[in-house]
Amino acid sequence: MSNPTESVVNNKEKHQFEVVNGSQVSKLVYQMRGEDMIDLVHTEVPEDLSGQGIGKSLVTAALEYARDNGLMAIPSCPFVASYVQRHPEWNDVVAEL
C-alpha cells in the first residue's frame, strides 16, 4: 500500500472512517455536532495491525474530510488529540477543547 490514506473510507451510515484489512476493520468513530463540527470520538485498530500507521491514516483522512467540507474537528479521542498536538499544520481545522 503506497498511500494508506487512499484506502480509508468514510462509512457515513456507521459514522466512522475505516480501513478494511481482510476481516479486520480499523476505525475512527465520529459524531456530527450541528452543521459545522465533527467530533472525532474513538480510534480503534486491531492489535496485530498496530504500528503500521493505520491510526495516523484514519486521523489524517478525518481531518482532510473536515477541511474539505468546512468543518471544525473536535479531538475527543486521546489518539487524535495527541496527533494534532504533534502536527500543528492541522490547527486551522481543529476546535479547541
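A brief structural summary. Please read all numbers here as calculations on a predicted model, not as lab measurements. (Residues numbered from 1 in each chain as written. Predicted model: local features only at pLDDT ≥ 70, side-chain atom pairs only at ≥ 80, totals over all residues. Heavy atoms only, no water.)

## What about unusual backbone geometry?
Spelled out, the test is: Each helix is a run of DSSP H or I of at least 4 residues and each strand a run of E of at least 2, with the numbering of both proceeding from the N terminus. Note on exposure labels: buried denotes an accessible area under 20% of the residue type's maximum, exposed denotes more than 50%, and partly exposed covers the range between, all computed with a 1.4 Å probe on protein chains only.
Even without being glycine, H15 reaches a positive phi, approximately 55°. Examined against the element boundaries, H15 turns out to sit in the loop between β1 (9–11) and β2 (16–21). Residue classification places H15 among the partly exposed residues on the basis of a relative accessible area of 38%.

## Regarding the sheet that holds β2
Strand pairing in a sheet relies on backbone hydrogen bonds. The paired strands run either parallel or antiparallel. What counts is decided by this rule: Note on pairing: DSSP must find at least two bridges between two strands before they are called paired. Inter-axis angles, ranging from 0 to 180 degrees, are taken between N-to-C directions of lines fitted to C-alpha atoms, where helices are fitted over the stretch in contact. Two residues qualify as a contact provided that any one of their heavy atoms is within 4.5 Å of a heavy atom in the partner residue.
Taken in spatial order, the five strands make up an open sheet running β1-β2-β3-β4-β5, and their pairing is mixed. With partners counted over all chains shown, the strands left at the sheet margins are β1 and β5 (72–74), one partner each. For this sheet the average axis-to-axis angle between neighbouring strands, irrespective of direction, equals 30°. Along the sheet, helix α1 (residues 54–68) contacts β1, β2, β3 (24–33), β4 (37–44) and β5; its crossing angle with β2, the most-contacted strand, is approximately 145°.

## Remarks on helix α2 (residues 78–86)
What counts is decided by this rule: Note: the arc covers the axis-to-C-beta directions of the helix.
When α2 is considered as a whole, its buried residues turn out to be V80, A81, Y83 and V84. Along the long axis of α2, the arc covered by the buried residues comes to 165°, so they all point the same way. Facing away from the buried side of α2, by more than 90 degrees, are the exposed residues P78, Q85 and R86. For α2, the elements touching its buried residues are β3, β4 and α1.

## Here's the deal with the side chain of T43
Relative to the elements of secondary structure, T43 occurs in strand β4. Once residues lying within four places of it in the same chain are set aside, the contact partners of T43 are K27, L28, G55, L58, C77, F79 and V80.

## Digging into the nonpolar core
The following threshold applies: Buried residues of nine kinds, namely Ala, Val, Leu, Ile, Met, Phe, Trp, Tyr and Cys, make up a nonpolar core once their side-chain atoms join them within 4.5 Å.
Within the largest apolar cluster, 24 residues are counted, with the highest numbers of intra-cluster contacts made by F17, L28, I38, L40, L58 and L63. Secondary-structure elements contributing two or more residues to this core are β2, β3, β4, α1 and α2. The contact partners of F17, leaving out residues within four places of it in the chain, are V8, V9, N10, S26, K27, L28, Y30, I38, L58, A61, A62 and Y65.

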